[in-house]
Amino acid sequence: EELDAGFLMSSLDYIVDVLFGLDLMLNFFFTYRNSNDEEVFDVCLIAKRYLKGRFVFDLVACLPPQLVTSLVETLFKSTQASSVHKLTRFIRLQRLSKLMRMLL
């Protein structure tokens, strides 16, 4: 039985969305090295660092494309919103790929 290409793309989109959501949540718990090269385990410090850094970027990549398009067009009066969303998702996919290689 031949699978519908639309079904495959929807399934892949769903899987990527789930991975992005997991990545977003897990980043609140991943340790990091501070300026003294000490590993930081304090969840509050990890969360603060993530919120000040990549969080907004990662959150945008998790949002539905229609919402991102609408927000960017409304806030910045821009018609390039879909390009912005695609770029954030591409960069996150690259990060997830690196993560998967480290884990495997």
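Here the residue numbering is sequential within each chain, running from 1 through the sequence in written order. For a predicted model such as this one, the threshold for reporting local features is a pLDDT of at least 70, and the threshold for listing and counting side-chain atom pairs is 80 or more; totals across whole chains, interfaces and linings nevertheless cover every residue. Side-chain measures were taken over the full set of non-hydrogen atoms in the model, leaving aside hydrogen atoms and water.

**Overview of the overall build of the protein chain**
Then, in step 1: Working definition: helices are DSSP H or I runs of at least four residues, strands are E runs of at least two. Numbering for both runs from the N terminus. The secondary structure content of the protein chain amounts to five helices and two strands.
Then, in step 2: Secondary structure elements of the protein chain occur, N-terminal to C-terminal, as α-β-β-α-α-α-α.
Then, in step 3: Here, two residues are considered to be in contact whenever any of their heavy atoms come within 4.5 Å of each other. Considering only contacts within the protein chain whose residues lie at least 6 apart along the sequence, 53% involve residues at least 24 apart.

**Remarks on the packing of aromatic side chains**
Then, in step 1: Any pair of Phe, Tyr and Trp rings, taking the six-membered ring for Trp, is counted once the centres come within 6.5 Å. Such a pair is stacked with planes under 30 degrees apart, edge-to-face with planes over 60 apart, and tilted for the rest. According to the stated counting rule, one finds three aromatic pairs in the structure shown.
Then, in step 2: For the ring pair Y50 and F55, a centre distance of 5.6 Å and an interplane angle of 80° mean the geometry is edge-to-face.
Then, in step 3: Through a chain of ring-to-ring contacts, three or more aromatic side chains come together here, namely F28, Y50 and F55.
Then, in step 4: A ring is considered to have a charge above it if a Lys NZ or an Arg CZ atom is located within 6 Å of its centre and within 35 degrees of its normal. Its guanidinium or amino end placed over the ring of Y32, R49 lies 4.1 Å from that ring's centre, counting from NZ or CZ.

**Some remarks on helix 4 (residues 65-76)**
Then, in step 1: In this scheme, a helix's expected span is set at 1.5 Å multiplied by one less than its residue total. For helix 4, built from 12 residues, the straight-helix expectation of 16 Å at 1.5 Å per residue is met to within 8% by its first-to-last C-alpha distance of 16 Å.
Then, in step 2: Positioned one or two residues after helix 4, K77 has a phi angle of 50°, which is positive.

**Focus: the environment of L24**
Then, in step 1: If you trace the backbone, L24 turns up in helix 1 (residues 5-26).
Then, in step 2: When a residue's accessible area, from a 1.4 Å probe over protein chains only, is under 20% of the maximum for its type it is buried; when over 50% it is exposed; and in between it is partly exposed. A relative accessible area of 14% places L24 in the buried class.

**Regarding the pattern of salt bridges**
Then, in step 1: We define a salt bridge as a side-chain nitrogen of Lys or Arg found within 4 Å of a carboxyl oxygen belonging to Asp or Glu. For the coordinates displayed, the defined rule picks out two salt bridges.
Then, in step 2: A salt bridge links R33 to D37; the nearest nitrogen and oxygen atoms lie 4.0 Å apart.
Then, in step 3: Measuring nitrogen to oxygen at the nearest pair gives 3.7 Å for the salt bridge that ties D58 to R54.
Then, in step 4: Relative accessible area serves as the criterion here: at 0%, D58 is assigned to the buried category.

That is the geometry; function is a separate question.
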